[in-house]
Every structure is written in C-alpha cells, then in structure tokens.
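Descriptive structure summary
In case you want the letters, here they are:
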Amino acid sequence: MTFVTCDLCDEHADSVSVVTGLHWRNFGGRKNFGGQVETVKCFEDNSRVKEHLATPGKGKVLVVDGGGSLRNALIGDMIAENAVENGWEGVIIYGACRDVDALLQLDLGVVTLGCVPIKSVRRGEGQLNIPVSFGGVIFQPGHWVYADNNGVIVSPAALL
C-alpha cells in the first residue's frame, strides 16, 4: 500500500480527521501504513497490546492509547515480531516504544511519541476495542487509519 497522507487529506477533505498537536516518530520498517482500527487503552502496562498483537491482524492497525506516557515502552522487538507474524499492518501508540534499531528492520509500521529503554509493567490491565481519543481525534474500532512521516489521519471508511 503506497500513499501519502497529505494527498489523502486533499482528496478526502470532508471525511478525514487529522491527529494534531502531537510529535509522532516513525520507528518501523514501513514508512507508510494503514488499515482498519482496533484499539487498546492501557497505561504503562502492555499486557493487552502483547495479547492482541498475537492474534490475526491482516489489514488492521492497532491504535494504543497509552496515556501519552514516555516512562515505559508499550512495544518492543519481540511483540513487534509477533505482530509481523500475525499479519498486522502497523501500530500507533500514544506512548513509547523500545528496541528501535530492531523495529526498523521489521515489515511493520510503528508510530509512537518516542522511545525509552524501560520495559512495560505487566499487571494484566487494559481495555480492548473501545473508542480512544488523543490528538483531537476519536479512534473508533472499525474505522480506518493511515500513517506516514507527515502524520496520522482517520476516516470512517476505507480511502484506498
């Protein structure tokens, strides 16, 4: 899938929402990716992220509301490798990642606010497939999200 979010915004101005006010960093091997939204809401606990990326994800992007915390990584190389094996298109995390050199080698989109070497705490907490909100946008499970180095956009329907 090749696209530029700028072009998608121009072509679908009435149907896209743009995540604003956040400084995204692209850490994955895929520089642009998109798919149907599935969500996890958690805070410094990646239990649900790990579990969910271990399930089939062909054509899907996991959007994680990590509360914007940069204190603990919610994804690293092992969880990301599992996501690739299960066909996920990418992961967008309102929070942090780690193992950035390894993430760059994987065929997976990984967009986060930053990185930190500290792993997540695992307490088995978090919620799956509920609406999550950050950057002025509500991410609804079943909607579509697209990301590249220009930013992150959301649409209620597929744009490609």
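Residues numbered from 1 in each chain as written. Predicted model: local features only at pLDDT ≥ 70, side-chain atom pairs only at ≥ 80, totals over all residues. Heavy atoms only, no water.

Basically, it comes down to this: UniProt positions are given in the numbering used here, feature names are shortened, and annotations may be inferred rather than shown by experiment.
Per an unreviewed UniProt entry, the protein carries the name 4-hydroxy-4-methyl-2-oxoglutarate aldolase and comes from Alcanivorax quisquiliarum. The heading Subunit (unreviewed entry) in the UniProt record of the protein holds the text "Homotrimer." Quoted verbatim from the Sequence similarities (unreviewed entry) field of the UniProt record, the comment on the protein reads "Belongs to the class II aldolase/RraA-like family."

With respect to the pairing of strand β6 (residues 90–97)
Stated precisely, the cut-off is as follows: Partly exposed describes any residue whose relative accessible area lies between the buried limit of under 20% and the exposed limit of over 50%, with all areas from a 1.4 Å probe on protein chains only and scaled to the type maximum. To qualify as a helix, a DSSP run of H or I must reach at least 4 residues; to qualify as a strand, a run of E must reach at least 2; elements of each kind are numbered from the N terminus. Following DSSP output, two strands are said to pair if at least two bridges run between them.
Taking burial as the measure, the eight residues of β6 include eight buried ones, the bulk of the element. Judged from the five bridges that link them, strand β4 (residues 60–65) and β6 form a sheet pairing that is parallel. Residue Val 64 lies in a different strand from β6, and its bridge partner there is Ile 93. Both strand β5 (residues 73–75) and β6 contribute to a ladder of two bridges, which runs parallel. Counterpart to Ala 73 in the pairing with β6 is Ala 96. Across six bridges, β6 lies against strand β7 (residues 109–115) in parallel orientation. Considered in β7, the bridge of Ile 93 is made with Thr 112.

Quick notes on the side chain of Ser 155
Inclusion rule: When checking whether two residues touch, look at their non-hydrogen atoms; a contact exists if any pair is within 4.5 Å.
On the secondary structure map, Ser 155 appears in strand β12 (residues 151–155). For Ser 155, a relative accessible area of 2% puts it in the buried group. In this structure Ser 155 touches Ser 15, Val 16, His 143 and Trp 144, once residues within four positions along its chain are discounted.

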